[in-house]
Amino acid sequence: MADPMTPEPFRIERVSRELADTFTLDLVPVGDKRDFDFQPGQFNMLYHFGVGEVPISISGDAGTKGRVTHTVRAVGTVTESMADLKKGDMVGVRGPFGSTWPMELAEGHDVVIVTGGIGLAPLRPAIYHVLANRGKYGRVAILYGARTPSDILYREELEAWSARLDVSVEATVDTAGTDWTGNVGVVTKLLPRGNFDGRDAVALVCGPEVMMRFTVHALNDQGVTNDCIFVSMERNMKCAVGFCGHCQFGSRFVCKDGPVFRFDQIEDIFRVKGI
Amino acid sequence: MAKCGSAKDAVVIGTDGLDALIKLLAKDGYDVIGPRVESGAVVLEPVDGVDDLPAGWADEQDGGHYRLTKIDSPAIFEHVVGPHTWKRYLSPPAQTILRARKRGKGFSVEEVVDAPKYALLGVRACDLKAISLQDRVFDNGDFVDKGYFARRNKAFVIAVNCTRAAGTCFCVSMNSGPEASCGFDLGLTEILTKTKHVFLLAAGSERGRKAIAELKKKKQVKAAAAADRAAAAKAVDAAAKSMKRKMRKDAARLLAANREHPRWEEVATRCLSCANCTMVCPTCFCSTVEDVTDLKGKTAERVRRWDSCFTHDFSYIHGGTVRRLRSSRYRHWITHKLSTWHDQFQTQGCVGCGRCITWCPVGIDITEEVRELGKRRT
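Please read all numbers here as calculations on a predicted model, not as lab measurements. (Residues numbered from 1 in each chain as written. Chains lettered and ligands numbered in written order. Predicted model: local features only at pLDDT ≥ 70, side-chain atom pairs only at ≥ 80, totals over all residues. Heavy atoms only, no water.)

Participant: Outline empty space enclosed by the protein, supporting the account with residue identities and numerical values.
Facilitator: Residues and elements named next belong to chain B. Across all of its chains, the model carries twelve cavities of 30 Å³ or more by this definition. Put simply, the largest cavity is a space of about 150 Å³. Around the largest cavity sit 15 residues that line it, and Ile97, Glu111, Val112, Asp145 and Gly147 are the ones nearest its centre. Going through the elements one at a time, strand S6 (94–103) and helix H4 (146–154) are the ones with two or more residues in the lining of the largest cavity. Considered as a void within the structure, the second largest cavity measures approximately 130 Å³ in volume. As for the second largest cavity, its lining consists of 16 residues, and the residues nearest its centre are Cys271, Cys277, Tyr330, Cys360 and Ile364. (1 Å grid on protein atoms, 1.4 Å probe; cavity = no way out; pocket = protein on both sides within 12 Å on 5 of 7 lines; lining within 4 Å. Points joined across faces, edges and corners; volume = space filled by probe spheres on them. Helix = DSSP H or I, 4+ residues; strand = E, 2+ residues; numbered from the N terminus.)

Below, the structure written as structure tokens:
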């Protein structure tokens, strides 16, 4: 990483509209920049000139050098103004920051990925990694929940993965019309049907905190112990380097100790309200 | 704690010598910052000479109470700590850290480091400890705050040993005072008897020794007599002995074990969430950033400002504020200060300066809150 406090200009190579409020930016470094290296699970601070900066997970393939991909949901001042950005525009990038999904540790084991909503974005690099190294892992299950069928992120990719014979993909929605033939209900309901052995699985979980809380219970019911469950936490972040104090989660700084935590290492504070 | 400034090598200067020291540092290019009386409080602002210092003023401090009183004494350092802390200079309340300029469809960004050369005069032992704790925060093993260390490394530190404790002090129980034993360039102890008013002056660094040598050239320095050293030690000892408040030794464990406790609801009925405690705390380091542009939108700046965990915005993420309740915000602050700080930085986060007690509008006392938590275990 160059200077961790100073954003470097990246040019927007492509803007893809994903959902009504969600878009993906493919960014390339400007000038004589080196390749951008990151590990699945990490995030960048994205700067929109004069507006501000936001922490956004990297949602692209760590195997693709020289480009970094972010999927952004327009929910605040900075992300809403970023929604107006077009190909050729520039954003600032600081990073990559934070801990990573345990891709090496999971080798030789079943991998179960449980996510909800835009939580699929920080897990997509992990999925790419598993698929690129498919032989190193046991059974692979991707369980995804969204509010409605039109809120399903990366739908084409999910369908493509679903068509593979070496990955099982299950999606569910909270509510749907008659054109939906899939599951309806919360994502935790998919776990008992997931094609994995709970006693030999590593679980990667990302979604709203309440979803992750219930997912941990459901994983435990399947025999997955808390030291094999990894969750990605979200907190307010300003600096990403442990100076601003905003992202504290008990004694942890989510920016540098997280965002990915092994669940048994945070479970004492995870259930405390307003920690 | 290792003794860095040896009292054995100490010399004695008078008020003229102190004045000469201030002027010497100013001549060397330092902005000398020291205690002075403004708006009814001792604040840390630029000083030009010994006449700017608060001679004849003492402070009366208690929970939610601060008054300066005129005393019949020429003592300069009879006051203890006021609402300002040295973080005001080393990690300023507002600092521009980045400047960006539009260039065609893109922009360029440059880092901004503003690092004046400060001489900090009158740093008490608790505040000296606080500076060392902030050093740890801004060099956390993964990242280094360049701006902070640019200011910090230039700073010339003149410590003052406390010869009086304020009503809210509890540095003895935090093992951080009242004697400054390490981390200064020069250490001062005021000695005031019926017949003389002098300062025992010890060097704690090479820079400090050079400053004493300069003062010697100006004939401002006398050898310290055994009686001077004894008088200084006695005065500091008396300050330690007169300290009324103390922190429980098991505060870190108590807070870690009581994240759910009825006391949090109780303190929330008194706490105004005003953030005063975090602003006056010498170790609180939290900040936010503001990105602003000029009117044409051609240049942009990022300003880093002090922030407080007592605001709703502090923990806001999409969907709501994490610490929505006042009880959770108070719990976060005190738990961070006294417990999780140890996990994060392997040091204490509180130095016992008592400012948070004095400047709390309703007089919430950090030592009392820990004591109460210990009384009623859940």
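Participant: Explain H4 of chain B to me, and be specific about the residues and the numbers.
Facilitator: All names here are of chain B. Of the positions making up H4, those classed as buried are Gly147, Tyr148, Phe149, Arg151 and Arg152. Buried residues in H4 make contact with helix H2 (87–90), S6, helix H3 (125–137) and strand S9 (156–160). The N-terminus of H4 is capped by Asp145, whose side-chain oxygen sits 3.3 Å from the backbone nitrogen of Gly147. (Buried < 20%, exposed > 50% of the residue type's maximum accessible area, 1.4 Å probe, protein only. Contact = heavy atoms within 4.5 Å. Polar contact = N/O pair within 3.5 Å; in protein donor to acceptor, adjacent residues only side chain to side chain.)

Participant: Explain the domain arrangement of chain B to me, using residue names and the numbers behind them.
Facilitator: When the parts come together, some accessible area is lost, and that loss is often what is quoted as the size of the interface. Residues and elements named next belong to chain B. Looking at the assigned domains, one finds that chain B contains domain 1 (8–241) and domain 2 (251–375). Placing a centre on the C-alpha atoms of domain 1 and another on those of domain 2 gives a separation of 25 Å. Each side of the interface is counted separately: domain 1 has 42 residues, and domain 2 has 40 residues. Roughly 3400 Å² is buried in total at the junction of domain 1 and domain 2, and carbon and sulfur atoms are behind 59% of that figure. When the buried area of domain 1 at its contact with domain 2 is split by residue, Lys87, Leu133 and Phe170 rank highest and sum to 18% of it. (Domains from an automatic or database assignment. Buried area = accessible area lost by both parts, 1.4 Å probe.)

Participant: Residues and numbers for the pairing of strand S2 (residues 22–29) of chain A, please.
Facilitator: All names here are of chain A. S2 sits mainly inside the fold: eight of its eight residues count as buried. The side-chain alternation of S2 yields two buried faces, one formed by Thr22, Thr24, Asp26 and Val28 and the other by Phe23, Leu25, Leu27 and Pro29. Looking at chain direction, strand S1 (residues 8–19) and S2 are connected through eight bridges and run antiparallel. Note that in S2 the partner of Ile12 across the bridge is Leu27. Connecting S1 to the next strand, S2, in antiparallel fashion are two residues. (Pairing = 2+ DSSP bridges.)

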